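Structural overview
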Amino acid sequence: MLEENPGKNDNPVLINISHRNEKGDHCESKKDPLKISKVTTHSQSHSSGKSIPNFSTELDRIDYILVWEEGPSKKQHKARTNREKYEKKDSEHDKWRLNFLTQLQATGLLVEQHLVKSGKRSIHYVLLHAPWIVLCYYAEALRIKMPLQALPTQSSHGSTKLMRKLGIWNPLDEEVPDRPRDYYTCQFKGTKLSRFLGSNSPKTFFASTIRHQILSEILEKTSFGHERKGLFGIEHLLSEKVFKAAFPPHDGPFQIPPEGLAPEEMNQRQILYHYWAKWSKWMKYQPLHHVRRYFGEKIAFYFAWLGFYTAWLLPASLVGVVVFLVGCFTVSMDIPTQDICDIEQDRWMCPLCSDCPFWKLSSICKITKISRLFDNSGTVFFSVFMSLWAVTFLEYWKRRSARLAHLWDCYDYKDYEEQPRPKFVVMAPMTTRNLVTNLEEPFFPKKSYFQRAFMSASIIIAMVATIVLLLIAIILYRATVTILVSKSRNIFLLKWAPWIAGFTSAIMNLSFILLLAKIYVPVAYALTNWEMHKTQSKFEDSFVLKVFIFQFVNINSFLIYIAFFKGRFSGYPGNYRTFFGIQNENCINGSCFVDLAQEMLIIMVGRQIFISLLEIFIPKLQVWRHRKNLYAKQNKKKEEENSNSLGETNYELLKYEGLFEEYLEMVIQFGFITIFVVACPLAPLFTLLNNWIEIRLDAQKFVCQYRRPVAEKAQNIGIWFQILQVLTHLAVLSNALLIAFTSDFLQRTYYQYTHSYDLHGYINFTLAQAPKAFVLVSNHTCRYQAFREGSGKRSFTFWNLLAIRLAFIIIFEHVIFPVAWLINVLLPDVPESVKVKVKQEYFLAKQALADHEILFGTNKAKDQDIKRELEDQESLHPVQQAGAAGEELDLGTK
């Protein structure tokens, strides 16, 4: 039943933790959780001359940092007439901030405030600490898994195991200190605290990532006003500029002191920098378990996938290089190429346009040789290899992903437990009762959602149409430049006219790609926000899909034109076809492979170089600018002294913006090396080199330049895997079409079996005689590349070849897809060893937590358990009751 969004001011997060202080095996509070301290310090420009201490006497560790700034803003200087408006807004923000911090205290958090003055600006740092009792409560409510027992054998890299058995030294392996151990785990329960490993050490029992998750959950749900008006959550306060930043702190500096440190003395951040982010570690295995411990599963899965993808690029690169070398060694022995370059048997070719001059076939000798480097006898083999490579890569990644998900305790992570987005809660026009929890939840009508989705799709189609218009403009530019250069009497320009037009248009296309991407991404984000997605995962999936569709069309549209349309509608001498009054382009010697390879190299390699340079210099410039603004009124010495505090050291770093850009870059790259790889066998090699650099660049950003992100759970790489699967299927179709229509492989094969196996006379076979009408008008006989008769009509050979091309596409697909299906059948998504470990872990969890008594006990025992749970829940908030009910439901289904 739907209702209008009511005006109740209930709070879903404030907890009464006193009911947990019971006798027995429960979590107990070590401190008064409602105590607050406030420390006010000044920069050295003031009389106190003190810097901010890293910790107060109240907080033994800092779990989260909130920052806000005070001082005259630019807007206030420019709009003095609206001073009352700004003062009213500042007063409201102060009230929200005070309420928010008060409510944080009420949840049991310890709050400590520091003040730093820099000129006329005041920077406030609020340091938060979660006591033991709060951590226990939320660990159980959030169903966080904790260790029960260490695994007898620790996991290691597969190749490392094999080489150790063979007694071979592995140059890629390196011993990284403080390796996280693998454990049997189960969901935390405060009543069974003693069963968990490390429970006798409250300070270290909960890892820093777990503490950050709990603090993030509290901050996201804590209200600072009327909740039904959307006045809750740190995200709202950040968007309203009430707080400037909110982030968990890094474990310490990443630099190692000049005097050095023993490995056991390094903090986690220093270990990651020294054994992962440094350029000298480019050929070492990534310490993924360390990455997961420090940054969480979501970021660890990105680096795991990137490393796995990079490793699989090695065989693809080797095969691609071999195919390219085959072309290099066979180009001098290629009979058709020799025929073109033979000046003694040179042929006059028909003009490329109505006003262009006649030209000699030997003038394209060099370009033809370059074309044979990419379009040679290894082309078909390489296309089949890459199609099967892509399918096998994804199948093995699924298995690798399942192993990591189990090791990282997210194998059974449930997306349906995800909470609604704060903006959805704010903007939802009505509520409905959840049939599972029996609670009122915000609701957005499906009819309104589909209307908005339709409008968003319309805008996306309009943006794609814009890309098509730009594509048409580039095509017209290429044709115009080709014609103008071809009219020149300069021999050099005549020889390289197509290359000049192609290179300049590729640069233009790359510029349009980078510009449109900057414009479209904010538009896609606004549209996704407007669509009102309930959860963050659905929001991210919709946003990713929008941007990917646009980027895919934006980047690949011109490549698709060259591969499948260029030269197909150019007409013939005396009957040249035009497009908007400009003659259509033609391919060199009837093959567009060299044009496609050139375009691919410029767009792919040029884009990779441009993005890599941005990733190297932009973060450094942003950090420098942020530090400059932060310490604008201090000299360098004072800046260094004042930046020693934990709050300032972390605040001067860059805000973490998510993994969207990193994933998008890699997936677009994957499309390049699968969909159009036949035209450029060297593409996997360039991708491999780029990814070796990309891993270290991204590692340095996360370790050295970004504030520490909140650890997020993830089972895999999300919707990106489905996109990769779609690209793999498109690659099979694209490779078949490229070989059938763009390459001259089938033409040569047809000639070998119908005329001459050694290809003598092949060039003459591919050249048609100029129509008689054209010869009479021009008084000059010539040849042109086509399968046409003297009248200009398609010849019988053309139709034979067309049938062969279509048959090849069908055969190619019917070979690749069944083999892919067979690979999928033979390689189950979840390895058998993982299934066994999951069963072992569940069995151990039942023993440790005595779940078998609940599952198989008498009805009387069940009634007593239910009664006890109901008594405990009477003092809980309805949302907490829902969490307890969810636990019962989860237990019952197991």
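Residues numbered from 1 in each chain as written. Predicted model: local features only at pLDDT ≥ 70, side-chain atom pairs only at ≥ 80, totals over all residues. Heavy atoms only, no water.

What follows concerns the overall build of the chain. Regarding its fold elements, the chain presents 31 helices and 18 strands. Scored against the burial criterion, the 894 residues of the chain give a buried share of 50%. The long-range fraction of contacts in the chain, counting pairs at least 24 apart against all pairs at least 6 apart in sequence, stands at 78%. Carbon together with sulfur atoms contributes 60% to the accessible area of the chain, which is approximately 43100 Å² in total. (Helix = DSSP H or I, 4+ residues; strand = E, 2+ residues; numbered from the N terminus. Buried < 20%, exposed > 50% of the residue type's maximum accessible area, 1.4 Å probe, protein only. Contact = heavy atoms within 4.5 Å. Areas by Shrake-Rupley, 256 points an atom, 1.4 Å probe, with all protein chains shown as cover.)

One finds Trp 305, Tyr 309 and Trp 389 to be the most contacted residues of the largest nonpolar core, which totals 120 residues. Here the element with the most residues in this core is helix α10 (residues 297-330); it accounts for 16 residues. Ignoring any residue separated from it by four or fewer positions in sequence, one finds Trp 305 in contact with Phe 393, Trp 397, Tyr 663, Met 666, Ile 717 and Leu 724. (Core = buried A, V, L, I, M, F, W, Y, C linked by side-chain atoms within 4.5 Å.)

Our focus in this paragraph is the state of the cysteines. Summed over all chains, the structure comprises two disulfides. The disulfide bridge from Cys 350 ends at Cys 782, spanning 1.9 Å between sulfur atoms. Judged by the sign of its S-S torsion, about 90°, the bond between Cys 350 and Cys 782 is right-handed. With Cys 350 in the loop between β9 (348-349) and β10 (359-360) and Cys 782 in the loop between α26 (772-778) and β18 (783-785), this pair connects stretches of sequence that are 432 residues apart. Residue Cys 782 is classed as buried on the basis of its relative accessible area of 2%. (Disulfide = S-S within 2.5 Å.)

This part covers helix α21 (residues 660-675). With 16 residues, α21 extends 22 Å between its outermost C-alpha atoms, agreeing within 8% with the 22 Å of an ideal straight helix rising 1.5 Å per residue. Burial within α21 is extensive, with 15 of its 16 residues counted as buried. (Expected span 1.5 Å × (residues − 1).)

Axis separation between α10 and α21 bottoms out at 11 Å; the angle between their running directions is 20°. One element, α10, and the other, α21, form an angle in the roughly parallel class. Seen from above, α10 lies across α21 with left-handed handedness. Residue-level inspection shows Phe 301, Tyr 302, Trp 305, Leu 306, Tyr 309 and Leu 313 of α10 in contact with α21, the latter providing Glu 662, Tyr 663, Met 666, Gln 669, Phe 670 and Ile 673. Its residues placed into classes, the contact of α10 with α21 shows ten nonpolar, one polar and one charged. (Axes fitted to C-alpha atoms, helices over the stretch in contact; angles between N-to-C directions. Parallel < 35°, antiparallel > 145°, perpendicular 65-115°, else oblique. Left-handed = near helix turned anticlockwise from the far one by under 90°. Nonpolar A, V, L, I, M, F, W, Y, C, P; charged D, E, K, R; others polar.)

We now examine the environment of Glu 235. Position of Glu 235 relative to the elements: it lies in helix α7 (residues 234-239). Glu 235 sits in the partly exposed class, given a relative accessible area of 45%. It is 9.7 Å that separates the C-alpha atoms of Glu 235 and Ala 245, two residues lying ten residues apart in sequence.

Turning to helix α13 (residues 379-407), a few remarks are in order. Compared with the 42 Å implied by 1.5 Å per residue over 29 residues, the 41 Å span of α13 between its first and last C-alpha is a close match. The element α13 is extensively covered by neighbouring structure, given that 22 of its 29 residues are classed as buried. Positive backbone phi, at 60°, marks Asp 409, one or two positions downstream of α13.

All chains considered together, the criterion is met by 21 salt bridges. Across the pair Lys 701 and Glu 662 runs a salt bridge whose closest N-O atoms are separated by 2.8 Å. Remark: Glu 662 occurs in helix α21 and Lys 701 occurs in helix α22 (residues 683-705); sequence separation between them is 39 residues. You'll find Lys 701 and Glu 662 in the same group, each marked buried. Within this structure, Arg 292, Glu 297, Asp 409 and Lys 713 form a network of salt bridges that share partners. (Salt bridge = Lys/Arg side-chain N within 4 Å of Asp/Glu carboxyl O.)

Taken together, Ile 609, Phe 610, Leu 613, Leu 614, Phe 617, Ile 618 and Leu 621 make up a surface patch of nonpolar side chains, about 620 Å² in accessible area. Mapped onto the secondary structure, Leu 614 falls in helix α18 (residues 593-630). (Patch = residues over 30% accessible without salt bridge, like charges linked within 9 Å, V, L, I, M, F, W, Y side chains within 5 Å.)

Turning our eyes to something else, we now look at unusual backbone geometry. Unlike most non-glycine residues, Asp 178 shows phi in positive territory, near 55°. Among the secondary structure elements, Asp 178 is positioned in the loop between α4 (158-166) and β7 (183-187). A positive phi is found at Asn 779, a non-glycine position, where the angle reads about 55°. Mapped onto the secondary structure, Asn 779 falls in the loop between α26 and β18.

Between helix α24 (residues 745-754) and helix α27 (residues 796-826), the shortest axis-to-axis distance is 10 Å and the interhelical angle comes to 115°. In this structure, α24 crosses over α27, and the sense of that crossing is right-handed. In this structure, α24 contributes Leu 746, Gln 747 and Tyr 750 to the contact, and α27 contributes Thr 797, Asn 800, Leu 801, Ile 804, Arg 805 and Phe 808. Classifying every residue of the contact of α24 with α27 by side-chain character gives five nonpolar, three polar and one charged.

On to the packing of aromatic side chains, then. Counting across every chain of the model gives 52 aromatic pairs. Residues Trp 282 and Trp 692 carry aromatic rings whose centres are separated by 5.3 Å and whose planes lie at 75° to one another, so their mutual orientation is edge-to-face. Residue Trp 282 is located in the loop between α8 (268-277) and α9 (288-295), and its partner Trp 692 is located in helix α22; the two are separated by 410 residues in the primary sequence. By relative accessible area, Trp 282 is classed as partly exposed at 39%. With a relative accessible area of 29%, Trp 692 lands in the partly exposed category. A ring pair is formed by Phe 303 and Phe 702, whose centres lie 5.6 Å apart and whose planes are at 80°; its orientation type is edge-to-face. In this pair, Phe 303 sits in helix α10 while Phe 702 sits in helix α22, placing the two residues 399 residues apart along the sequence. (Phe/Tyr/Trp six-rings, centres within 6.5 Å; stacked < 30°, edge-to-face > 60°.)

Bringing the environment of Thr 310 into the picture now. Relative to the helices and strands, Thr 310 resides in helix α10. Distance from Thr 310 to Asn 690, taken between C-alpha atoms, is 9.3 Å for residues 380 residues apart in sequence.

To continue, consider the confidence of the model for the chain. Put simply, the chain has an average pLDDT of 77, and 77% of its residues get 70 or more. Confidence drops under pLDDT 50 across residues 28-58; counting only partners more than four residues distant or on other chains, this segment forms 78 contacts. Across residues 873-894, confidence stays below pLDDT 50; counting only partners more than four residues off in sequence or on other chains, it has 34 contacts. (pLDDT = per-residue confidence, 0-100.)

Moving on, we get to the side chain of Ser 456. Residue placement: Ser 456 occurs in helix α15 (residues 446-486). Take Ser 456: its relative accessible area is 1%, and that puts it in the buried class. Setting aside chain neighbours within four positions, we find Ser 456 in contact with Leu 527, Trp 530, Glu 531 and Lys 546.

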